[in-house]
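# Tertiary structure, described
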Amino acid sequence: MEKVKLIETLSDEEKQTIFSILDAFVGKKKLKDTLASVLNDV
């Protein structure tokens, strides 16, 4: 929670950069999970 509070103090540009990075990691995780599911069904 401390890190979330620190993020709130960043500039809008810095926040946008962090959110873009998080989106990339979440997207990668979803893709990996989807591919693993498809491969398990084969």
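The text that follows walks through the structure, step by step, so that each part is easy to find. If you're wondering where the values come from, they're calculated on a predicted model, not measured in any experiment.

Let's shift gears to the overall build of the chain. When helices and strands are counted, the chain shows two helices and zero strands. Dimensions of the chain, computed from the C-alpha atoms along their principal axes, are close to 50 × 20 × 5 Å. With 42 residues in all, the chain has 0% of them scored as buried. Here the chain holds 7 positive side-chain charges and 8 negative ones, and the gap between their average locations is 7 Å.

Here we come to the environment of Ser-37. By secondary structure assignment, the location of Ser-37 is in helix H2 (residues 12–41). Here Ser-37 falls in the partly exposed class, since its relative accessible area comes to 39%. It is 37 Å that separates the C-alpha atoms of Ser-37 and Asp-12, two residues lying 25 residues apart in sequence.

What counts, and at which threshold
- Residues numbered from 1 in each chain as written.
- Predicted model: local features only at pLDDT ≥ 70, side-chain atom pairs only at ≥ 80, totals over all residues.
- Heavy atoms only, no water.
- Helix = DSSP H or I, 4+ residues; strand = E, 2+ residues; numbered from the N terminus.
- Buried < 20%, exposed > 50% of the residue type's maximum accessible area, 1.4 Å probe, protein only.
- Lys, Arg positive; Asp, Glu negative; His and termini not counted.
- Charge placed at Lys NZ, Arg CZ, Asp CG, Glu CD.

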